[in-house]
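A closer look at the structure
Next come the chains, spelled out residue by residue.
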Amino acid sequence: MTLAEAIADALHHSHVRLTTAVPGHGATQTYEAWRRGGASAPPFSFHEEVAVGMAHGAAVLGHRSAVLLKAHGFLKAANAIADSLAAGTTAGLLLVVFHDPTGAHSDSVLEIEGTARDLGLPTHRPEAADRLSALPRAVRRSETQGLPHLVILSADAVTEQAPSGPDALSPPTVDYERDVARHVCCPLFAEYQHGVFEARLDGRDPDTVPRPALPQVPDELPDAHRAVANQYEPLLQALSDRPRAVTTGDTTVGTLFALPPVEAVDLCTYMGGSLPLALGAQAVGKEPAWAVTGDFGFVAAGHLGLLEAQQRSLPLRVLLLDNGRAHATGGQSVPRDAVDTVLAGYTDHVVSLDDPTEPAACREALDEAAGRDDLVIVRARYRE
Ligand SMILES: Cc1ncc(C[n+]2csc(CCOP(=O)(O)OP(=O)(O)O)c2C)c(N)n1
């Protein structure tokens with residue numbers, strides 16, 4: 001067998017449930033081998049930020065996951081990777097970068113080991129003889145440490161002959177527990193999450209890091225956010241009242257409804273990350289999954305997840321808080337045209353919520369969305 005096939009085998013034998021990949025020398029051959037070894041043939045992703053966000057979503061929820069990518073893609077996904085370090089993982093999360101030292105298959109020669117190490121990402125660069133055993137070792141270590149691990153392999157080596165994969169790893173025994181101070185990346189928890197990250201890196205018990213207080217939403221939010229949060233409350237309360245496997249948030253004031261007493265949101269990482277996180281959950285069977293995003297974050301990057309939902313036929317439920325502003329950063333304008341343009345490819349999937357401050361209207365729109373079996377975007381219109 002080829003090394004690509006042996007890596008795919010090693011992932012399967014390590015109980016990796018979700019593997020995502022963007023085409024690139026090394027990643028392509030390995031993902032194709034992974035797909036041949038599985039029951040379904042999931043597509044390649046278009047963007048590494050989505051590929052990493054999905055794998056992280058599945059891993060936080062307790063399912064081992066892996067991402068196959070090239071060095072340039074690692075940089076594209078750097079925000080998602082940094083926030084996977086901040087939020088940590090429950091089950092093993094493995095990034096495999098296929099390095100192309102001469103640039104023969106790349107736009108440029110790029111070395112990312114230093115960048116990865118500077119991020120604090122635990123990094124392995126095994127010798128040829130140790131390439132296969134390094135993978136399950138990194139998965140196991142990722143799981144015990146609660147952090148993603150990176151393995152850098154030579155892209156050219158994937159076509160070499162290799163022995164069959166190493167011994168099987170036992171299945172994960174870890175369980176996801178909702179913990180918003182750990183899993184919701186936002187200014188309120190950034191310092192705490194960094195303390196947890198440092199503890200995990202140093203081998204200290206992260207439970208000894210003093211926990212921050214959880215303010216009540218919306219009453220105890222800072223003045224700058226309270227007025228916006230008051231507007232969002234009926235909709236987020238209606239969402240919280242629904243059964244869910246998981247709800248992911250974005251860099252929106254709406255994500256603060258992760259806090260008590262509403263507790264509508266469970267996970268949040270980078271800007272645009274709510275859709276990929278929820279898709280990762282769905283890819284490992286966690287339904288229903290909702291993604292809550294502001295309009296700026298959605299136009300900036302979140303909409304990349306719509307393509308992924310379409311090509312995987314996943315019935316993602318998106319709650320788009322369309323207020324015409326980037327409130328979290330001071331209220332910069334988000335033109336209606338920008339949102340319309342992004343949604344133009346998905347008009348059959350949009351449910352319009354014209355009165356999102358009315359609880360009954362919110363419940364009705366969410367009922368309609370929950371009743372569909374395909375991608376649906378509830379567009380909550382807060383604009384004047
Ligand atoms: C990559 C990146 N660029 C910029 C930011 C800064 N940022 C944080 S929130 C935000 C805007 C969010 O606006 P929106 O999604 O409309 O949500 P709202 O605050 O209006 O609820 C921006 C630009 C960021 N977090 N990440």
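Residues numbered from 1 in each chain as written. Predicted model: local features only at pLDDT ≥ 70, side-chain atom pairs only at ≥ 80, totals over all residues.

Turning next to unusual backbone geometry. Most of the time, phi is negative for any residue but glycine, and the peptide bond is trans. Of the consecutive residues proline 260 and proline 261, the connecting peptide bond is found in the cis state with omega at 5°. Mapped onto the elements of the fold, proline 261 is located in the loop between β6 (246–249) and β7 (267–268). Omega for the peptide link from glutamate 287 to proline 288 comes to -5°, which places this bond in the cis form. Tracing the backbone shows proline 288 in the loop between α11 (274–283) and β8 (289–294). Positioned with a positive phi, glutamate 263 is a non-glycine residue whose angle comes to about 55°. One can find glutamate 263 in the loop between β6 and β7. (Helix = DSSP H or I, 4+ residues; strand = E, 2+ residues; numbered from the N terminus.)

Here we have five strands laid out as an open sheet, ordered β1-β2-β3-β5-β4, and parallel in their pairing. Each of the sheet's edge strands pairs with one partner strand only, and the pair in question is β1 (18–21) and β4 (123–124). Each of β1, β2 (65–70) and β3 (93–99) is contacted by helix α3 (residues 48–60), which is oriented at about 165° to β2, the strand it contacts most. (Pairing = 2+ DSSP bridges. Contact = placed C-beta atoms within 7 Å. Axes fitted to C-alpha atoms, helices over the stretch in contact; angles between N-to-C directions.)

Here we come to the site of the ligand. Around the ligand, the structure places 18 residues, and the nearest of them are Thr252, Gly294, Phe296, Gly297 and Ala328. Sorting the residues of the shell around the ligand by element identifies α12 (295–302) and β10 (325–326) as the ones contributing at least two each. Taken together, the residues of the shell around the ligand break down into seven nonpolar, nine polar and two charged. (Near = placed C-beta within 6 Å. Nonpolar A, V, L, I, M, F, W, Y, C, P; charged D, E, K, R; others polar.)

With respect to the element layout, valine 180 can be found in helix α8 (residues 180–183). Note on valine 180: 21 C-beta atoms within 10 Å, which makes it buried. In the structure, valine 180 is positioned 88 residues away from cysteine 268 in sequence and 8.7 Å away in space, judged by C-alpha atoms. With residues near it in sequence (within four places) discarded, valine 180 still touches Ala258, Leu259 and Asp266. (Buried ≥ 20, exposed ≤ 12 C-beta atoms within 10 Å, placed from the backbone.)

What follows concerns the domain arrangement of the protein. Along its sequence, the protein is organised into domain 1 (3–159) and domain 2 (215–381). Measuring from the centre of the C-alpha atoms in domain 1 to the corresponding centre in domain 2 gives 29 Å. With 23 residues of domain 1 at the contact, the number on the domain 2 side is 23 residues. Elements with a minimum of two residues in the side of domain 1 that touches domain 2: α3 and α5 (78–87). The element contributing the most residues to the side of domain 1 that touches domain 2 is α3, with nine residues. (Domains from an automatic or database assignment.)

All right, on to the sheet that holds strand β13 (residues 376–381) then. Spatial ordering of the open sheet is given by β7-β6-β8-β9-β13-β12, a layout of six strands whose pairing is parallel. Sheet topology places β7 and β12 (350–353) at the edges, where each strand pairs with a single neighbour. Pairing of strand β9 (residues 317–322) with β13 involves six bridges; the strand directions are parallel. Bridge pairing links leucine 319 to valine 378 in β13. Docked against the sheet, α11 engages β6, β7, β8 and β9, running at close to 175° with respect to β8. Packed onto the sheet, α12 meets β8 and β9 and runs at close to 105° relative to β8.

With that settled, the discussion passes to helix α2 (residues 27–36). Within α2, seven of the 10 residues are buried, leaving the element largely enclosed by the surrounding structure. All of the buried residues in α2 are Ala27, Thr28, Gln29, Thr30, Tyr31, Ala33 and Trp34. Against the buried residues of α2 lie α1 (3–13), β1, β2 and β3.

Below, the discussion takes up the packing of α3 against α11. At a minimum axis distance of 6 Å, the contact between α3 and α11 shows a crossing angle of 55°. If you check the angle between α3 and α11, you find them oblique. Along this stretch, α3 crosses α11, giving a crossing that reads as right-handed. In this structure, α3 uses Val50, Gly53, Met54, Ala55, His56, Gly57 and Ala58 to contact α11, whose residues at the interface are Pro276, Leu277, Ala278, Leu279, Gly280, Ala281 and Ala283. Looking at the contact of α3 with α11, its residues break down into 10 nonpolar, four polar and no charged. (Parallel < 35°, antiparallel > 145°, perpendicular 65-115°, else oblique. Left-handed = near helix turned anticlockwise from the far one by under 90°.)

Another aspect to go through is helix α13 (residues 304–311). Listed as buried for α13 are Gly305, Leu306, Glu308 and Ala309. The arc enclosing the buried residues of α13, seen along the axis, measures out at 160°, which places them on a common side. Contacts made by the buried residues of α13 are with α3, α11 and α12. Serine 313 sits one or two residues past α13 and shows a positive phi near 50°. (Arc of directions from axis to C-beta.)

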